[in-house]
Amino acid sequence: MPTLISEAAPAALVTELKARAAALGFGAFGITSAAARPDLRDKLQHALAEGWHGDMEWMAETAERRASPSALWDGARSIIMLGVNYGPDSDPLATLTRRDRGTISVYARNRDYHEIIKGKLKELAGLLSRRSGAEVKVFVDTAPVMEKPLAEAAGLGWQGKHTVLVSRDYGSWLFLGAIFTSADLPADEPHEESCGTCRRCLDICPTAAFPAPFQLDARRCLAYLNIEHKGPIPLEFRAAMGNRIYGCDDCLAVCPWNKFASVASEARLQARDELNAPALSDLVQLDDAGFRALFAGSPIKRIGHGRFLRNVLIAIGNSGDVGLAPLAEARLGDDDPLVRGAAIWSVRRLVPRDRANALALDFMAREGDITVRSEWTAELTQ
Ligand code: B12
Ligand code: SF4
Ligand code: SF4
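Read on for a plain summary of the structure. A quick note: this is a predicted structure, and the numbers were derived from the prediction, not measured.

This part covers the site of ligand 1. Around ligand 1, 40 residues are found, and the nearest of them are Val145, Glu147, Lys148, Gln159 and Leu165. Taking threonine 163, its side chain carries an N or O atom lying 3.0 Å from a nitrogen atom of ligand 1. Between ligand 1 and leucine 174 there is a distance of 2.8 Å, counted from a nitrogen atom to a backbone nitrogen or oxygen. Mapped by element, the contributors of at least two residues to the shell around ligand 1 are α2 (40–50), α3 (57–61), α7 (147–153), β7 (174–181), α9 (222–228) and α11 (250–253). Classifying every residue of the shell around ligand 1 gives 26 nonpolar, 7 polar and 7 charged.

Next up on the list: the sheet that holds β7. An order of β1-β2-β7-β4 is seen for the 4 strands of this open sheet, with the pairing classed as antiparallel. Of all the strands in the sheet, the pair left with one neighbour each is β1 (28–33) and β4 (136–139). Ignoring strand direction, the axes of neighbouring strands in this sheet form an average angle of 20 degrees. In this structure, strand β2 (residues 78–85) lies alongside β7, joined through 8 bridges in antiparallel fashion. Bridge pairing in β7 links asparagine 85 to leucine 174. Running at roughly 140 degrees to β1, helix α1 (residues 9–24) makes contact with β1 and β2 of the sheet. Each of β1, β2, β4 and β7 touches helix α6 (residues 113–132); the most contacted strand, β7, lies at about 35 degrees to it.

This brings us to the side chain of arginine 244. As for its position among the elements, arginine 244 is in strand β8 (residues 244–246). Judged by relative accessible area, which is 8%, arginine 244 ranks as buried. In terms of polar contacts, arginine 244 uses its side chain to reach the side chain of aspartate 250, at 2.8 Å. Excluding its chain neighbours within four sequence positions, the residues that come into contact with arginine 244 are Leu96, Thr103, Pro206, Leu222, Asn226 and Asp250.

Over its 14 residues, helix α16 (residues 337–350) extends 20 Å from the first C-alpha to the last, a length consistent with the 20 Å expected when each residue adds 1.5 Å. Judged by how many residues are buried, α16 sits mostly within the fold: 11 of 14 residues are covered. Those residues of α16 not exposed but buried are Leu338, Val339, Arg340, Gly341, Ala342, Ala343, Ile344, Trp345, Ser346, Val347 and Leu350.

Enumeration over the complete set of coordinates arrives at 19 salt bridges. Here arginine 41 and glutamate 64 are joined by a salt bridge, their closest N and O atoms 3.0 Å apart. Here glutamate 64 lies in helix α4 (residues 63–67) and arginine 41 lies in helix α2, a separation of 23 residues in the sequence. Close ionic contact of glutamate 329 with arginine 355 constitutes a salt bridge, the shortest N to O distance being 2.9 Å. Placement of the pair is glutamate 329 in helix α15 (residues 325–329) and arginine 355 in helix α17 (residues 353–366), with a sequence separation of 26 residues. Residues joined by salt bridges that share partners form a network here, namely Arg37, Asp39, Lys43 and Glu152.

Turning our eyes to something else, we now look at the packing of aromatic side chains. For the coordinates displayed, the defined rule picks out 12 aromatic pairs. Centroid distance tryptophan 158 to tryptophan 257: 5.2 Å. Interplanar angle 80 degrees. Geometry classified as edge-to-face. One end of the pair, tryptophan 158, is in strand β5 (residues 158–159); the other, tryptophan 257, is in the loop between α11 and α12 (280–284), with 99 residues separating them in the sequence. By the burial criterion, tryptophan 158 is buried, and tryptophan 257 matches it. Pairwise contacts between aromatic rings join Tyr86, Tyr107, Tyr113, Trp173, Phe175 and Tyr246 into one cluster. The positively charged end of lysine 137 is found above the aromatic ring belonging to tryptophan 73, 4.9 Å away from the centroid.

Counting residues in each nonpolar core, the largest one holds 98 residues, and the members touching the most others are Phe29, Ile80, Leu82, Ile179 and Phe308. It is α6 that contributes the most residues to this core, 8 residues altogether. Among all residues touching isoleucine 179, those that are not within four sequence positions of it are Ser78, Ile79, Ile80, Leu82, Leu121, Leu124, Ala125, Leu128, Val136, Lys137 and Val138. Counting 19 residues, the second-largest nonpolar core is a separate cluster that includes Ala34, Ile79, Ala154 and Leu165.

Attention now goes to the site of ligand 3. In the vicinity of ligand 3, the contacting residues are Gly160, Lys161, His162, Val166, Cys195, Cys198, Arg200, Cys201, Cys255, Pro256 and Trp257. For the shell around ligand 3, the class distribution of residues is 7 nonpolar, 2 polar and 2 charged.

What follows deals with the packing of α1 against α6. For any two helices packed against each other, the geometry comes down to the angle between their axes and how far apart the axes lie. It is at 10 Å that the axes of α1 and α6 come closest, and there the two elements cross at 160 degrees. The angle between α1 and α6 falls in the class roughly antiparallel. Note that α1 runs across α6; the crossing there is right-handed. Along its contact with α1, which presents Leu13, Glu16, Leu17, Arg20, Ala21 and Leu24, the element α6 presents Lys120, Glu123, Leu124, Leu127, Leu128, Arg131 and Ser132. Looking at the contact of α1 with α6 residue by residue, the class counts come to 7 nonpolar, 1 polar and 5 charged.

In this structure, threonine 163 is a non-glycine residue whose phi angle is positive, near 80 degrees. Of note, threonine 163 is situated in the loop between β5 and β6 (165–166). With relative accessibility at 9%, the residue threonine 163 sits in the buried group.

Conventions and cut-offs
Residues numbered from 1 in each chain as written. Chains lettered and ligands numbered in written order. Predicted model: local features only at pLDDT ≥ 70, side-chain atom pairs only at ≥ 80, totals over all residues. Heavy atoms only, no water. Near = heavy atom within 4 Å. Polar contact = N/O pair within 3.5 Å; in protein donor to acceptor, adjacent residues only side chain to side chain. Helix = DSSP H or I, 4+ residues; strand = E, 2+ residues; numbered from the N terminus. Nonpolar A, V, L, I, M, F, W, Y, C, P; charged D, E, K, R; others polar. Pairing = 2+ DSSP bridges. Axes fitted to C-alpha atoms, helices over the stretch in contact; angles between N-to-C directions. Contact = heavy atoms within 4.5 Å. Buried < 20%, exposed > 50% of the residue type's maximum accessible area, 1.4 Å probe, protein only. Expected span 1.5 Å × (residues − 1). Salt bridge = Lys/Arg side-chain N within 4 Å of Asp/Glu carboxyl O. Phe/Tyr/Trp six-rings, centres within 6.5 Å; stacked < 30°, edge-to-face > 60°. Lys NZ or Arg CZ within 6 Å of the ring centre and 35° of its normal. Core = buried A, V, L, I, M, F, W, Y, C linked by side-chain atoms within 4.5 Å. Parallel < 35°, antiparallel > 145°, perpendicular 65-115°, else oblique. Left-handed = near helix turned anticlockwise from the far one by under 90°.

Dropping the structure here:
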């Protein structure tokens with residue numbers, strides 16, 4: 001049963017919620033109906049049928065609930081969509097040419113936004129619940145909720161051709177969160193699509209990850225490959241990865257609407273100095289404890305030491321810096337096959353072929369392990 005609020009109450013309640021949201025640091029606020037986007041089922045099905053989700057199987061497993069807020073929670077009537085500005089204080093693409101450094105995407109240069117936003121959402125939802133008696137549930141990122149189209153329906157912005165929500169006030173730099181409620185609240189107008197003839201994001205993508213405007217094949221997206229994907233980075237994408245060791249911001253950073261963006265006001269979302277352009281030589285030498293310490297409270301910790309080293313070694317292989325080769329060689333005997341494979345590729349990119357072959361022979365002579373042998377053989381015959 002929807003929670004009934006008197007005719008006069010919603011406007012005052014919404015005004016109070018907006019003021020509280022702003023005080024909590026939400027720069028964007030909008031309301032939509034839980035039934036606002038019946039088109040999402042077909043669109044999600046299309047994306048899944050094309051296989052664009054790669055090995056993010058949770059996307060297919062939760063498709064029914066993801067496509068429809070009412071299937072996720074049949075008590076939901078209205079959805080409050082919220083945005084937190086995480087605008088960078090410098091050009092996020094500037095480090096791409098510093099080949100001995102790593103580029104970490106803007107969203108991961110400090111604390112994990114999930115924790116920060118969830119707390120704020122709970123506080124706002126608590127206010128709504130106290131004032132209206134309505135039921136509330138809060139979501140940020142990890143639940144089966146299609147946050148971008150719902151935010152578009154709530155008027156926060158529109159899904160750009162790169163598929164991310166673009167805001168007239170914050171450009172592409174907006175984290176999203178949602179409050180589902182049993183209250184019937186007055187809905188805002190959906191935002192109109194405002195990309196026009198621009199196609200900057202499509203053209204800059206280093207891996208041609210957009211099959212068409214407004215559609216993304218995650219299997220080709222570096223943010224998928226270097227964060228979500230657990231196995232070796234497919235050969236096809238290793239050179240294109242450059243020094244992007246966590247995520248990718250190219251399509252976001254070139255959006256002309258960023259000219260209205262401002263720097264994140266939440267201090268925990270502003271870049272930590274040591275994560276702006278970290279030296280690959282330092283990162284590749286981190287042991288597990290060092291990795292955990294450096295990335296405590298950061299989303300990067302979530303991918304684990306092995307996947308992180310995989311990314312750093314690919315970046316080293318792309319650096320053209322022969323001085324880094326010994327550090328990559330030091331990872332050839334790593335316990336983790338994912339790391340060993342990336343190290344072989346990296347070394348082969350940096351040292352002359354005869355040196356790589358000598359290393360391989362030497363390694364095989366020392367290591368009787370059949371797995372290690374076949375890894376080298378596989379890498380050397382590519
Ligand atoms: C899975 C996921 C990813 C995947 C897939 C991305 C994607 N585009 O779906 C990967 C790992 C690649 C990824 C990357 C990033 N992500 Co992400 N991701 C998500 C997550 C968890 C789910 C998104 C989802 O439902 N995807 C499924 C697809 C099908 O949905 P969709 O993109 O809306 O799909 C549309 C199109 O496919 C289209 N469509 C389908 N068929 C057809 C056919 C036609 C003809 C047309 C016209 C359209 C069309 O319609 C769909 C609905 O609108 C959300 C959080 C959430 N719960 O929503 C965060 C989220 C989208 N990610 C976010 C961020 C910040 C990023 C990165 C910027 C991180 C980084 N710097 O590395 C990159 C951006 C890459 C990019 N260009 O999208 C933010 C985006 C904030 C915003 N302003 O929009 C979110 C909302 C998290 C959050 N709470 O803030 N992400
Ligand atoms: S995040 Fe990078 S790889 Fe992914 S679509 Fe955007 S530009 Fe392409
Ligand atoms: S770069 Fe251009 S096409 Fe891409 S989202 Fe921004 S305005 Fe739209």
